[in-house]
Amino acid sequence: QQQVRQSPQSLTVWEGGTTVLTCSYEDSTFNYFPWYQQFPGEGPALLISILSVSDKKEDGRFTTFFNKREKKLSLHIIDSQPGDSATYFCAASANTNTGKLTFGDGTVLTVKP
Amino acid sequence: GPKVLQIPSHQIIDMGQMVTLNCDPVSNHLYFYWYKQILGQQMEFLVNFYNGKVMEKSKLFKDQFSVERPDGSYFTLKIQPTALEDSAVYFCASSLAGQGYAEQFFGPGTRLTVL
């Protein structure tokens, strides 16, 4: 059973539009949820993250929302830019001392000018 | 920002051979990880390593797999012998701390093809 589900698989938005990516998870012990951005030929890079004690975190054009009751989270990108075109992964981990991350399948985002 | 390097970027080997994937983690980081991504599938945790020891490993970390970081040099993933199902992109990551919320920095990956 997949622990972290991500949707959509791919998404195309126009420049200036708002991008919304969503994730859901199964494991109630997950309490840390990072979003990673990956460009072709590069490794994933941390974009924004949220702890389960919060329901929203904002960083510039990027905002992540967390709903503990529904075990869902989302990433919103406002004023989407062509440079945002990348693959986005949500991930989750529990508060252990091993740092193991469980990833979603990723969303391929294309922002058209 | 901090960079994790991986060598080589691509490796093609015959089934049954040994392969070593090398990772140069961020210099002051203490925790090291390997993840495996089969084409079209999610990235999956293999193992993490701290202070010379495996802290946690997944069921994907078969007996043919081993990790080490001798004398602070490369953090390596060795597969001996390789199997066809080992074909994947392997990502190395490192972090300063080991808690679940510690930021992990990822390398660009090594694409391993087993023929």
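Scope of this entry: the structure provided in the associated data block.

With that settled, consider the side chain of His29(B). Residues and elements named next belong to chain B. With respect to the helices and strands, His-29 occurs in the loop between β3 (19–24) and β4 (31–37). Here the side chain of His-29 touches Ser-95 through a polar contact of 3.4 Å, landing on its backbone nitrogen. When sequence neighbours within four positions are dropped, the list of residues in contact with His-29 reads Arg-69, Ser-94, Ser-95, Leu-96 and Phe-105.

Looking now at the pattern of salt bridges. Once their charged atoms are close, side chains differing in charge can pair, the charge on each being opposite to the other. All names here are of chain A. Tallied over the full model, the rule gives 7 salt bridges over all chains. For Asp-84, the salt bridge identified is with Arg-61, shortest N-O distance 2.8 Å. With a gap of 23 residues between them, Asp-84 in the loop between β8 (72–77) and β9 (86–94) and Arg-61 in the loop between β6 (56–59) and β7 (62–67) connect regions that are remote in the sequence. Asp-84 gets classed as buried once you look at its relative accessible area, which sits at 5%.

So, on to unusual backbone geometry. In this model, Ser7(A) is joined to Pro8(A) through a cis peptide bond whose omega is -5°. Within the element layout of this structure, Pro8(A) appears in the loop between β1 (4–7) and β2 (10–14). At the junction of Gln80(B) and Pro81(B), the peptide bond is cis and its omega measures out at -5° in the coordinates. By the secondary structure assignment, Pro81(B) is in the loop between β8 (75–79) and β9 (88–95). With a phi angle near 50°, Asp79(A) is a residue other than glycine that sits in the positive phi range. Take Asp79(A): it is sitting in the loop between β8 and β9. We note that Asn51(B) has phi near 55°; this positive angle belongs to a residue other than glycine. Structurally, the position occupied by Asn51(B) is in the loop between β5 (43–50) and β6 (53–57).

Rules and cut-offs
Residues numbered from 1 in each chain as written. Chains lettered and ligands numbered in written order. Predicted model: local features only at pLDDT ≥ 70, side-chain atom pairs only at ≥ 80, totals over all residues. Heavy atoms only, no water. Helix = DSSP H or I, 4+ residues; strand = E, 2+ residues; numbered from the N terminus. Polar contact = N/O pair within 3.5 Å; in protein donor to acceptor, adjacent residues only side chain to side chain. Contact = heavy atoms within 4.5 Å. Salt bridge = Lys/Arg side-chain N within 4 Å of Asp/Glu carboxyl O. Buried < 20%, exposed > 50% of the residue type's maximum accessible area, 1.4 Å probe, protein only.

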